[in-house]
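Fold and geometry: a report
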Amino acid sequence: MANLIDAFFFTILVAGFGLGLSYLAMAFFPATVADTRGRRAEAVYENIFLGAAGIIIALLMWVALVF
């Protein structure tokens, strides 16, 4: 049963890390749709926040696996 819980934590770790990196990458590439400057800035901040949240979730799952 412990291996099942570890597998669950590892799945969340990989998903959180992958989504975090992809959101951070999207924050630094320009949008293809010509929106207003305010909407573009809002999208950049949103992507940075979601990227950081994904990385934090991955780190928490790593700590859960180690300890």
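About the cut-offs
Residues numbered from 1 in each chain as written. Predicted model: local features only at pLDDT ≥ 70, side-chain atom pairs only at ≥ 80, totals over all residues. Heavy atoms only, no water. Helix = DSSP H or I, 4+ residues; strand = E, 2+ residues; numbered from the N terminus. Rg over C-alpha atoms; globule rule 2.2 N^0.38 Å. Buried < 20%, exposed > 50% of the residue type's maximum accessible area, 1.4 Å probe, protein only. Contact = heavy atoms within 4.5 Å. Areas by Shrake-Rupley, 256 points an atom, 1.4 Å probe, with all protein chains shown as cover. Expected span 1.5 Å × (residues − 1). UniProt positions renumbered as here; feature names shortened; annotations may be inferred. Patch = residues over 30% accessible without salt bridge, like charges linked within 9 Å, V, L, I, M, F, W, Y side chains within 5 Å. Salt bridge = Lys/Arg side-chain N within 4 Å of Asp/Glu carboxyl O.

**Observations concerning the overall build of the chain**
In terms of regular secondary structure, the chain is built from two helices and zero strands. By the compact-globule yardstick of 11 Å for 67 residues, the chain is too spread out, its C-alpha radius of gyration being 15 Å. By its C-alpha atoms, the chain is 50 × 15 × 15 Å across when sized along the principal axes. The buried share among the 67 residues of the chain stands at 13%. Considering only contacts in the chain between residues 6 or more positions apart, those separated by 24 or more positions represent 82%. Counting every atom, the chain has about 5,200 Å² of accessible surface; 76% of that belongs to carbon and sulfur.

**Quick word on the environment of A27**
Looking at where A27 falls in the secondary structure, it is placed in helix α1 (residues 2-28). Classification of A27 by relative accessible area gives buried; the value is 7%. Along the backbone, A27 and L50 are 23 residues apart, and their C-alpha atoms lie at a distance of 9.8 Å. Discounting residues that sit within four places of it in the chain, A27 has contacts with V44, N47 and I48.

**Section: helix α2 (residues 37-66)**
The first and last C-alpha atoms of α2 sit 44 Å apart over 30 residues, in line with the 44 Å expected at 1.5 Å per residue. Among the residues of α2, those classed as buried are N47, G51, G54, A58 and M61. Structurally, α2 contributes buried residues whose contacts are with α1.

**A look at the UniProt feature "transmembrane region" (unreviewed entry) in the chain**
Under the UniProt annotation, the feature "transmembrane region" (unreviewed entry) is placed at residues 7-28 and 48-66. With 100% helix and 0% strand, residues 7-28 has its two end C-alpha atoms placed 32 Å apart. Between the C-alpha atoms that bound residues 48-66 there is a distance of 27 Å. The span itself is 100% helix and 0% strand.

**Focus: a nonpolar patch on the surface**
On the surface, L59, W62, V63, V66 and F67 cluster together into a nonpolar patch covering about 570 Å² of accessible area. Locating F67 in the fold gives a position in the segment after α2. Judged by relative accessible area, F67 falls into the exposed class, the value being 78%.

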